[in-house]
Amino acid sequence: MTQDPRPFGRLLTAMVTPFRRDGSLDVDGAQKLAAHLVDQQGNDALVLSGTGGESPTTTDAEKETLIRAVGEAVGDRAMIVAGVGTNDTAHTLELAHAAEKAGAHGLLVVTPYYNKPPQAGLIRHFSTVADATGLPIMVYDIPHRAGVAIATETMVRVAEHPRIVAVKDAKGDIAGTSDVLRRTDLAYYSGEDAGTLPWLSLGAVGVVGTSTHLCGAATKEMILAWERGDHAAALELHRRLLPLFTGIFRTAGTILVKAALNAMGMPAGAVRSPLVDATGEELDRLRADAAAAGITL
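Residues numbered from 1 in each chain as written. Predicted model: local features only at pLDDT ≥ 70, side-chain atom pairs only at ≥ 80, totals over all residues. Heavy atoms only, no water.

1. Focus on the UniProt feature "active site" (unreviewed entry) in the chain
Counted only if it meets this: UniProt positions are given in the numbering used here, feature names are shortened, and annotations may be inferred rather than shown by experiment. Helix and strand assignments follow DSSP, with helices taken as H or I runs no shorter than four residues and strands as E runs no shorter than two, numbered in order from the N terminus. When accessible area is computed with a 1.4 Å probe and restricted to protein chains, residues below 20% of their type maximum are described as buried, those above 50% as exposed, and intermediate ones as partly exposed. Contact definition: two residues touch when any of their heavy atoms are within 4.5 Å.
According to UniProt, the positions carrying the feature "active site" (unreviewed entry) are Tyr140 and Lys168. Separation in sequence by 29 residues is not matched in space for these annotated residues, since their most distant C-alpha atoms are only 4.7 Å apart. With respect to the helices and strands, the residue tyrosine 140 is situated in strand 5 (residues 137–141). Assessed through its relative accessible area of 8%, tyrosine 140 is described here as buried. Ignoring sequence-local partners within four residues, the contact set of tyrosine 140 consists of Leu108, Val109, Val110, Thr111, Ile150, Lys168 and Ala170.

If you want it as structure tokens, here you go:
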């Protein structure tokens, strides 16, 4: 069987998790935001409970509620990819089972963080999760957060599992990624907004973005321009969007995305501690970044 070259589509956004004034999960707001991201920003899939969704500070019950709510809102026209990765294989399995039961279409499984497992431990972790669920899995390689990178040979090994179908790559290893793409059928998604176009040139298929809360439609236009061979148009869009691709990460992306959404009247709310809300100066600078990219906040 030939693997779908774009198992989660082209454009995915790692959606922030809206909270109410009292700090509780804003279910209605999550549904409204999800609909905006799919219907207005052109997302093919939404990643829930990633780092951008404040997964470290949301409960397991909140994560499950979020999957069900967003699935009800947009699950008929976009894929729901649930972030279930932790640094505990047993806990990851619990979250994976709950996500599958709640109606997720796929799973995002990050490299176990902080405890720095060896490569053999990574192979066992990812394979155990893939064995335990019927959902397709996107592996998330982000060594600057996890503390350990997924080695090229490890990625080739885990790609042998039929349910491990994609990678969200925030490692930036051009040679290593090129080698994995040469040797496997894994679908690569840029995990860095500014890296989307360079990664497409290597054979990647899309992005799991943060700034795409605000510039998803233009980012998708860039991807489609590249695919149809209009590389000049794709490059022009990359250059235009670059201030926002990078500016959203002047502090934690979640902080600035929520500030922008709140300013636009979209549901977002505050961030949970230990994150802190954006200052007025930080929001003003993001407005300038967005304006440089042709987007008004």
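And the narrative resumes.
2. Looking at the packing of aromatic side chains
Aromatic ring pairs are defined here through the distance separating the ring centres and the angle between the ring planes. Our working definition: Pairing of aromatic rings covers Phe, Tyr and Trp, the last through its six-membered ring, and needs centres within 6.5 Å; plane angles under 30 degrees mean stacked, over 60 mean edge-to-face, and all others mean tilted. Should the NZ of a Lys or the CZ of an Arg lie within 6 Å of a ring centre and within 35 degrees of the ring normal, that charge is described as sitting over the ring.
With the rule as written, the count across this model stands at 1 aromatic pair. Above the plane of the ring of phenylalanine 19 lies arginine 272, whose end atom (NZ or CZ) is 4.0 Å from the centre.

3. So, the pattern of salt bridges
Note the cut-off: Salt bridges are defined as contacts in which a side-chain nitrogen from Lys or Arg sits within 4 Å of a carboxyl oxygen from Asp or Glu.
Enumeration over the complete set of coordinates arrives at 15 salt bridges. Of the charged contacts, one joins glutamate 54 and lysine 258 as a salt bridge, the two residues approaching to 2.7 Å between their closest N and O atoms. On the criterion of sequence distance, the pair formed by glutamate 54 in the loop between strand 2 (45–48) and helix 2 (60–74) and lysine 258 in helix 11 (residues 253–263) is long-range, its members being 204 residues apart.

4. A look at the side chain of threonine 196
Applied cut-off: Polar contacts, as counted here, are pairs of nitrogen or oxygen atoms within 3.5 Å of one another; within protein the pair requires one atom able to donate a hydrogen and one able to accept it, and residues that are adjacent in sequence qualify only if both atoms are side-chain atoms.
Checked against the element boundaries, threonine 196 lands in helix 8 (residues 196–202). Within the local environment of threonine 196, its side chain forms a polar contact with the backbone oxygen of aspartate 193, the two atoms lying 2.8 Å apart. Apart from residues lying up to four places away in sequence, threonine 196 is in contact with Ser190, Gly206, Val207, Met222 and Ile223.

5. Re the nonpolar core
Threshold: By nonpolar core we mean a set of buried residues, namely Ala, Val, Leu, Ile, Met, Phe, Trp, Tyr and Cys, connected to one another through side-chain atoms within 4.5 Å.
In this structure, Met15, Leu46, Val70, Leu107, Met155 and Tyr188 are the most contacted members of the largest nonpolar core, which totals 73 residues. Sort the elements by how many residues they give to this core and helix 9 (residues 212–227) lands first, with 6 residues. Among residues more than four places away in sequence, those in contact with methionine 155 are Val139, Asp141, Ile150, Val167, Val180, Leu186 and Tyr188. By size, the runner-up hydrophobic cluster in this structure holds 18 residues, among which are Ala14, Ala45, Leu108 and Tyr189.

6. Let's talk about helix 9
Structural remark: α-helix, 3.6 residues per turn; residues separated by three or four positions point the same way. Rule in force here: Multiplying one less than the number of residues by 1.5 Å gives the expected span of a helix. Fitting axes to the seven residues that end at a residue and to the seven that start at it, the angle between those axes gives the bend at that residue.
Its 16 residues give helix 9 an end-to-end C-alpha distance of only 19 Å, which falls more than 12% under 22 Å, the value for a rise of 1.5 Å per residue. Remark: the principal bend of helix 9, roughly 40 degrees, maps to alanine 218. Along its buried surface, helix 9 packs onto strand 1 (11–14), helix 1 (27–39), helix 8, strand 8 (206–209), helix 10 (231–247) and helix 11. Within two residues after helix 9, glycine 229 carries a phi angle of roughly 90 degrees, on the positive side.

7. Focus on the UniProt feature "site: Part of a proton relay during catalysis" (unreviewed entry) in the chain
The sites that carry the UniProt feature "site: Part of a proton relay during catalysis" (unreviewed entry) are, in the present numbering, Thr51 and Tyr114. Along the chain, threonine 51 falls in the loop between strand 2 and helix 2. Given the relative accessible area of 32%, threonine 51 is considered partly exposed. If near-sequence neighbours (up to four positions away) are discounted, threonine 51 is found in contact with Arg145 and Thr254. Turning to its location among the elements, tyrosine 114 is positioned in the loop between strand 4 (106–110) and helix 4 (119–131). Excluding residues within four positions of it along the chain, tyrosine 114 makes contact with Asn87 and Ala146.

8. Focus: the pairing of strand 8
Note the threshold: The pairing criterion is simple: DSSP has to find at least two bridges between the two strands.
Of the two faces of strand 8, both are covered, the one formed by Gly206 and Val208 as well as the one formed by Val207 and Gly209. As paired elements, strand 1 and strand 8 share 3 bridges and run parallel to each other. The partner of threonine 13 across the bridge, within strand 8, is glycine 209. In this structure, strand 7 (residues 187–190) lies alongside strand 8, joined through 2 bridges in parallel fashion.

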